[in-house]
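# Residue-level structural notes
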Amino acid sequence: GPTVDRDGNVYFTETMSHRIMKLTSDGVLSTYRKNSNGANGLVIDSQNRLIACEAGARRRDSGQAGGKPRVTRTDLATGEVEVLAESFEGRPFNGPNDVTLDGKDRLYFTDMPGQAVYRIDAPGKVVRLLAAPEIQRPNGIQVAPDDRTLYLIEANGAEGGARMIRAYDLLADGSVRNMRVHYNFYPGRSADGMSIDVDGNLYASAGLHRRRGTSETLDTKCGVHVISPRGKLLKFIPVPEDTITNNAFGGPDGKTLYITAGKTLFRVRVDRPGLPR
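Now for a description of the structure that goes with this document. (Residues numbered from 1 in each chain as written. Predicted model: local features only at pLDDT ≥ 70, side-chain atom pairs only at ≥ 80, totals over all residues. Heavy atoms only, no water.)

## A closer look at empty space enclosed by the protein
The method is simple in principle: a probe with the dimensions of a water molecule rolls over the atoms, and the space it marks as empty is what remains. Under the criterion given, the structure shown has 1 cavity of 30 Å³ or more. Estimated volume of the largest cavity: approximately 170 Å³. Contributing elements (two or more residues each) for the lining of the largest cavity: strand 1 (3-4), strand 5 (39-44), strand 11 (96-101), strand 15 (138-143), strand 19 (191-196) and strand 23 (244-250). Among the elements that take part in the lining of the largest cavity, strand 23 stands out by supplying 4 residues, more than any other. (1 Å grid on protein atoms, 1.4 Å probe; cavity = no way out; pocket = protein on both sides within 12 Å on 5 of 7 lines; lining within 4 Å. Points joined across faces, edges and corners; volume = space filled by probe spheres on them. Helix = DSSP H or I, 4+ residues; strand = E, 2+ residues; numbered from the N terminus.)

## Details of the pairing of strand 2 (residues 10-14)
Summarising burial for strand 2: 4 of the 5 residues are buried, a large majority. Summarising the sheet, strand 1 and strand 2 pair through 2 bridges and their orientation is antiparallel. Each residue of the ladder has a partner; that of valine 4, found in strand 2, is valine 10. Here strand 1 hands over to strand 2 after 5 residues, with glycine 8 in that stretch at a positive phi of 90°. (Buried < 20%, exposed > 50% of the residue type's maximum accessible area, 1.4 Å probe, protein only. Pairing = 2+ DSSP bridges.)

## Here we look at the packing of aromatic side chains
Overall, the coordinates contain 7 aromatic pairs when judged by the stated rule. The interplanar angle of 85° and the centroid separation of 5.2 Å between the aromatic rings of tyrosine 11 and tyrosine 32 together place this pair among those described as edge-to-face. Within this pair, whereas tyrosine 11 is found in strand 2, its partner tyrosine 32 is found in strand 4 (residues 29-33), the two being separated by 21 residues in sequence. Look at tyrosine 11 and you get buried, because its relative accessible area is 2%. With relative accessibility at 25%, the residue tyrosine 32 sits in the partly exposed group. Put simply, the rings of Phe88, Phe93, Phe109 and Tyr118 touch in pairs and so form one group of aromatic residues. (Phe/Tyr/Trp six-rings, centres within 6.5 Å; stacked < 30°, edge-to-face > 60°.)

## Re the side chain of threonine 256
Position of threonine 256 among the secondary structure elements: in strand 24 (residues 256-261). By relative accessible area, threonine 256 is classed as buried at 7%. Only 3.0 Å separates the side chain of threonine 256 from the side chain of arginine 269, close enough to count as a polar contact. (Polar contact = N/O pair within 3.5 Å; in protein donor to acceptor, adjacent residues only side chain to side chain.)

## Some remarks on the layout of surface pockets
Volume-wise, the largest pocket comes out at about 690 Å³. What lines the largest pocket is a set of 34 residues, among which Thr15, Asn40, Asp192, Thr243 and Thr245 lie closest to the centre. Within the residue set of the lining of the largest pocket, elements represented by two or more residues are strand 2, strand 3 (19-23), strand 5, strand 11, strand 19, strand 23, strand 24 and strand 25 (264-269). In terms of residue count, strand 2 provides more of the lining of the largest pocket than any other element does, 3 residues in total. Classifying every residue of the lining of the largest pocket by side-chain character gives 8 nonpolar, 16 polar and 10 charged. (Nonpolar A, V, L, I, M, F, W, Y, C, P; charged D, E, K, R; others polar.)

## Describing the sheet that holds strand 14 (residues 125-131)
In spatial order, the strands read 11-12-13-14; together these 4 strands make up an open sheet with antiparallel pairing. Bordering the open sheet on either side are strand 11 and strand 14, each of which pairs with just one other strand. Put simply, the sheet's adjacent strands are angled 25° from each other on average, direction ignored. Summarising the sheet, strand 13 (residues 116-122) and strand 14 pair through 6 bridges and their orientation is antiparallel. Bridge pairing in strand 14 places tyrosine 118 opposite arginine 128. (Axes fitted to C-alpha atoms, helices over the stretch in contact; angles between N-to-C directions.)

## Observations regarding the pattern of salt bridges
Oppositely charged side chains may form a pair once their charged atoms are brought near each other. One pass over the full model with this rule turns up 13 salt bridges. For aspartate 199, the salt bridge is made with arginine 272, and the minimal N-O distance between the two is 2.8 Å. Of this pair, aspartate 199 sits in the loop between strand 19 and strand 20 (202-206) while arginine 272 sits in the segment after strand 25, and the two are 73 residues apart along the sequence. Looking at aspartate 199, the relative accessible area reads 46%, which means it is partly exposed. For glutamate 216, the salt bridge identified is with arginine 212, shortest N-O distance 2.9 Å. Accessibility expressed as a relative area gives 3% for glutamate 216, which makes it buried. Taking relative accessible area as the criterion, arginine 212 reaches 44% and is therefore assigned partly exposed. (Salt bridge = Lys/Arg side-chain N within 4 Å of Asp/Glu carboxyl O.)

## So, the pairing of strand 23
With 6 of its 7 residues buried, strand 23 lies for the most part within the structure. Here strand 23 runs beside strand 24; their pairing, made up of 6 bridges, is antiparallel. Bridged to alanine 248 within strand 24 is tyrosine 258. Hairpin connection from strand 23 to strand 24: 5 residues lie between these consecutive antiparallel strands, with glycine 251 at a positive phi of about 85°.

Given below as structure tokens:
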């Protein structure tokens, strides 16, 4: 899950080795954080702090158990890490996956194995917005520029599973209603993560070059699918490597799209500036 700070530095997660990587604006790559506690989705908030969804996964390099599943916030100036949420109604999360925010800096994140979507209004103040059976495998999540629509990726690779982007009316109080299917990827591989531009077009990382032992077909091409607010495919940006996962906007003018796929971080110029969500 990539994100870009106000200085143009790109942060992205390396899930196999449990690291958060940093690529500076002048092209220097380094490990920003080792032992990232299974960090996946990232976003920079309006105060230039790094928000991370941490699945608390077992460390493959040592065989030792990681920490608790949680959502954290890191002050990039000091390195101080704050836990924003690690449970709901006394029950720990299963595995926070991806995160976005609205214009009020409220956070929205998915717990894929927990089959739930939550909102964080303040540290420790968590609201559950959606849960099974109304959703199946929630993955990427985004909020429209006017804060009136919440978009949610369903990434269920099982036969007949939901592989789509759902859209919900997002009310002023942060609740959601009126679900509709915004874009359907079935029977191909659904999107993983997505970003959004100033006009409300979604940039969804989806598809495969080769099948991977699921019922997902190759009908969805591997790349970034640019989808309008009306659910129409406007443009396709091909990506040559499996498995594509996510993308984020950056650059001085906001028109550089960073894409994570396989073991590579790609960069491509686009026509419209994106939002830092």
